Amino acid sequence: MADGGSLAGAPNARDLGGLVGVDGRRIRPGVLVRASALGRLVDDDLPALGALGLSCVVDLRAPSEIEVAPPDRLAGAPAVVHLPVYDPEHPVFTYVAAVMLGHDLGAYEALAREGTAAAMAAIYRWFVTGASAREGFAEAVRLAARTDRLPLLFHCSAGKDRTGWLAVILLTALGVDAETVRADYLRTNETTGGVQESIIGAMRFRRPDLDVDAIRPVLEVRAEYLDAAYAEVESVYGTF
């Protein structure tokens, strides 16, 4: 967070402040914060969250995801803006939500047939061209450009894919170099490694025949996913 702390209930939360952007200027600390859903925050997290003085929280989850998750825990009275970036026809969305919340794993077979790494890359391409993705990400960028909406925190469920791609968009627009943008994106694997192993352990307990190699691509961020989105940007628009 802005003071260098972290949130125990959202270990992937982090302040984008301090990264160097256009003309060598640094992004101001405590203005743009990325996170996972805030429903698992513990009491000790709330003072750190409150210290940010959030004006706006952007929630990229669909209503169906919000309904089955613990309610976000907030400090202060930020405006909460729901911008669902979600494709109900794609099993990745259903599956990730089920995995993160320990619910029904019925989408597992569909994902396994498609190949989870390939499915994740397809979702990242959809981030660039899907109607709800384009609308949601565009509105989130507009909110981030409004001084009355700052400081702004944005999140989805796991805080890694939709949140990760929005962070890529914002950081690129602010002039942060591509290598640094990629490093921030991949940092998620470091901050959530313990969570990933806990999820896999719980799933194996419920389903001993679980193919762990098929699960990891859903829980991780990977350079190939980001590259799939970048390639789609270049194919459709020419340049970022």
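The structure under discussion appears in the preceding block.
What counts and what doesn't
- Residues numbered from 1 in each chain as written.
- Predicted model: local features only at pLDDT ≥ 70, side-chain atom pairs only at ≥ 80, totals over all residues.
- Heavy atoms only, no water.
- Phe/Tyr/Trp six-rings, centres within 6.5 Å; stacked < 30°, edge-to-face > 60°.
- Helix = DSSP H or I, 4+ residues; strand = E, 2+ residues; numbered from the N terminus.
- Buried < 20%, exposed > 50% of the residue type's maximum accessible area, 1.4 Å probe, protein only.
- Axes fitted to C-alpha atoms, helices over the stretch in contact; angles between N-to-C directions.
- Parallel < 35°, antiparallel > 145°, perpendicular 65-115°, else oblique.
- Left-handed = near helix turned anticlockwise from the far one by under 90°.
- Contact = heavy atoms within 4.5 Å.
- Pairing = 2+ DSSP bridges.
- Salt bridge = Lys/Arg side-chain N within 4 Å of Asp/Glu carboxyl O.
- Polar contact = N/O pair within 3.5 Å; in protein donor to acceptor, adjacent residues only side chain to side chain.
- Nonpolar A, V, L, I, M, F, W, Y, C, P; charged D, E, K, R; others polar.

1. Observations regarding the packing of aromatic side chains
Reasoning step 1: A full pass over the atoms with the stated rule returns 8 aromatic pairs.
Reasoning step 2: Between Tyr124 and Phe127 the ring centres are 5.0 Å apart and the planes differ by 55°, which places this aromatic pair in the tilted class. Pair noted here: Tyr124 and Phe127 are both in helix 5 (residues 116-129), with a separation of 3 residues, about one helical turn. The burial state of Tyr124 is the same as that of Phe127; both residues are buried.
Reasoning step 3: Taking the centre distance of 5.9 Å and the plane angle of 55° together, the rings of Trp165 and Phe240 count as tilted.

2. Let's talk about the packing of helix 6 (residues 131-144) against helix 7 (residues 162-173)
Reasoning step 1: At a minimum axis separation of 11 Å, helix 6 and helix 7 run at an interaxial angle of 55°. The angle between helix 6 and helix 7 places the two elements in the oblique class. Of the two elements, helix 6 crosses helix 7, and the hand of that crossing is right-handed. On the side of helix 6, the interface is formed by Phe137, Ala140, Val141 and Ala144, while helix 7 contributes Arg162, Trp165, Leu166, Ile169 and Leu170.

3. So, unusual backbone geometry
Reasoning step 1: Following Leu150, the chain continues to Pro151 via a peptide bond in cis, the omega torsion being -5°.
Reasoning step 2: Tracing the chain through its elements places Pro151 in the loop between helix 6 and strand 5 (152-155).
Reasoning step 3: One non-glycine residue, Asp23, lies in the positive phi region at around 55°.
Reasoning step 4: Structurally, Asp23 can be placed in the loop between strand 1 (14-15) and strand 2 (32-35).

4. Some points on the environment of Arg187
Reasoning step 1: Tracing the chain through its elements places Arg187 in helix 8 (residues 178-191).
Reasoning step 2: For Arg187, a relative accessible area of 38% corresponds to the partly exposed category.
Reasoning step 3: For Arg187 and Lys160, which are 27 residues apart along the polypeptide, the C-alpha to C-alpha distance reads 9.7 Å.

5. So, the sheet that holds strand 2
Reasoning step 1: An order of 1-2-5-3-4 is seen for the 5 strands of this open sheet, with the pairing classed as mixed. Of all strands in the sheet, those bounded by a partner on one side alone are strand 1 and strand 4 (79-82).
Reasoning step 2: The pairing of strand 2 with strand 5 spans 4 bridges and is parallel. Among the inter-strand pairings, Ala35 is bridged to a residue of strand 5, identified as His155.
Reasoning step 3: With respect to the sheet, helix 7 is in contact with strand 2 and strand 5, its orientation differing from that of strand 5 by roughly 135°.

6. What about the pattern of salt bridges?
Reasoning step 1: A complete count under the given rule lists 12 salt bridges for this structure.
Reasoning step 2: Across the pair Asp43 and Arg73 runs a salt bridge, and its minimum N-O distance is 2.8 Å. Taken together, the residues span a long stretch of sequence, with Asp43 in the loop between strand 2 and helix 1 (45-51) and Arg73 in the loop between helix 2 (63-67) and strand 4 at a distance of 30 residues.
Reasoning step 3: Residue Arg73 is classed as partly exposed on the basis of its relative accessible area, which comes to 26%.
Reasoning step 4: Taking the shortest distance from any N to any O, the salt bridge between Glu65 and Arg162 comes out at 2.8 Å.

7. Quick word on the side chain of Glu220
Reasoning step 1: Here Glu220 lies in the loop between helix 10 (212-219) and helix 11 (223-237).
Reasoning step 2: Of the residues examined, Glu220 reaches a relative accessible area of 17% and is grouped as buried.
Reasoning step 3: Separated by 3.0 Å, the side chains of Glu220 and Arg222 make a polar contact.

8. Things to note about the pairing of strand 5
Each regular strand carries side chains that alternate between the two faces of the sheet.
Reasoning step 1: Residues Leu152 and Phe154 point to one face of strand 5 and Leu153 and His155 to the other, with burial holding for every one of them.
Reasoning step 2: By the bridge criterion, 4 bridges tie strand 3 (residues 56-59) to strand 5 in an arrangement that is parallel. By the bridge assignment, Asp59 is partnered in strand 5 with His155.

9. Observations regarding the packing of helix 7 against helix 8
Reasoning step 1: Where helix 7 meets helix 8, the closest approach of the two axes is 10 Å, and the angle between their N-to-C directions is 160°. One way to sum up the angle between helix 7 and helix 8 is to call them roughly antiparallel. The interaxial crossing formed by helix 7 with helix 8 has right-handed handedness. Facing helix 7, whose interface residues are Gly164, Ala167, Val168, Leu171 and Thr172, helix 8 presents Val181, Asp184 and Tyr185.
Reasoning step 2: Considered class by class, the residues forming the contact of helix 7 with helix 8 number 5 nonpolar, 2 polar and 1 charged.

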